[in-house]
Amino acid sequence: MLFDFESDFAGSLRCIPMIVRMKLDLCGIKLTLRQWSRFTHEDRAALVDKPGETPTEQAAYRQHVLELVQSRSDEPARFLPPESHESWQQPDQMPDDIAQQAGADDVSPPTDTQWVDLSPLQRFALIKLARSKHENENFVPAMKEFGLLPS
């Protein structure tokens, strides 16, 4: 699943889409854009489509990514601690980063009800967009796409 706000940079899969970034966080791998660019288009599409929600799926996803990095890249894999309790998985508390980015963009942050109603992937995307200085221009388009702001 790709979001509309990603279409110009992730639609071609030249950049790592949010769905893959979420799965990478869940399985504890830090993939560089350089490593991603070494993967074939088919490799990238498979990483978009491959499941990664359950612990078994995450282990298989991790192994698949590690095999791709080893076979296609000249850089070693880098690891993150698995994000088992990351804030995007906890719908009852919106991170301060979201309200701060909304304030910086002069828009209202999601209400508590809106935050709870978002999918985990939508919450993940908003948190990543709020925390990333080079991608936060997509924060407002994402808020609109998710129905949090008028179009």
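Everything that follows concerns the structure shown earlier in this document.
Just so you know, the residues in each chain are numbered from 1, in the order the chain's sequence is written. Side-chain atom pairs in this predicted model are given and counted only at pLDDT of 80 or more, local residue features only at pLDDT of at least 70, and totals for whole chains, interfaces and linings cover all residues. The side-chain values count all of the structure's non-hydrogen atoms but skip hydrogen atoms and water molecules.

(A) Highlighting the overall build of the chain. Strands are runs of DSSP state E lasting at least two residues, helices are runs of H or I lasting at least four, and both sets are numbered from the N terminus onward. Looking only at helices and strands, the chain has 9 helices and 2 strands in total. Seen in sequence order, the chain has helices and strands lined up from the N terminus as α-α-β-α-α-α-β-α-α-α-α. Radius of gyration: over C-alpha atoms. The globule rule applied is 2.2 Å multiplied by the number of residues raised to the 0.38 power. Against the compact-globule benchmark of 15 Å for 151 residues, the chain has a radius of gyration of 16 Å, which places it among compact chains. If you line up the chain on its principal axes, its C-alpha atoms span 45 × 30 × 25 Å. Looking at the chain as a whole, 46% of its 151 residues qualify as buried. Considering only contacts within the chain whose residues lie at least 6 apart along the sequence, 63% involve residues at least 24 apart. Using a 1.4 Å probe, accessible areas were evaluated by the Shrake-Rupley method; residue-level cover was limited to the displayed protein chains. Carbon and sulfur atoms make up 51% of the accessible area of the chain, which totals about 8000 Å². His is not counted here, nor are the chain ends, while Lys and Arg score as positive and Asp and Glu score as negative. Charged side chains are reduced to one point each, which is NZ for Lys, CZ for Arg, CG for Asp and CD for Glu. Between the averaged position of the 16 positive side-chain charges in the chain and that of its 24 negative side-chain charges there is a distance of 7 Å. The classification of residues rests on relative accessible area computed with a 1.4 Å probe and restricted to protein chains. Under 20% of the type maximum is buried, over 50% is exposed, and intermediate values are partly exposed. We call two residues contacting when some pair of their heavy atoms lies within 4.5 Å.

(B) The packing of aromatic side chains, seen in detail. Stacked, tilted and edge-to-face are the three classes assigned to paired rings of Phe, Tyr and Trp, where Trp is represented by its six-membered ring and a pair needs centres within 6.5 Å; plane angles under 30 degrees give stacked, over 60 edge-to-face, the rest tilted. Counted under the stated rule, the structure contains 5 aromatic pairs. Measuring from centroid to centroid gives 5.4 Å for Phe3 and Phe5, while their planes differ by 15 degrees, and the two rings are stacked. In this structure, Phe3 and Phe5 share a single accessibility class: buried. Among the aromatic residues, ring-to-ring pairing joins Phe3, Phe5 and Phe146 into one connected group.

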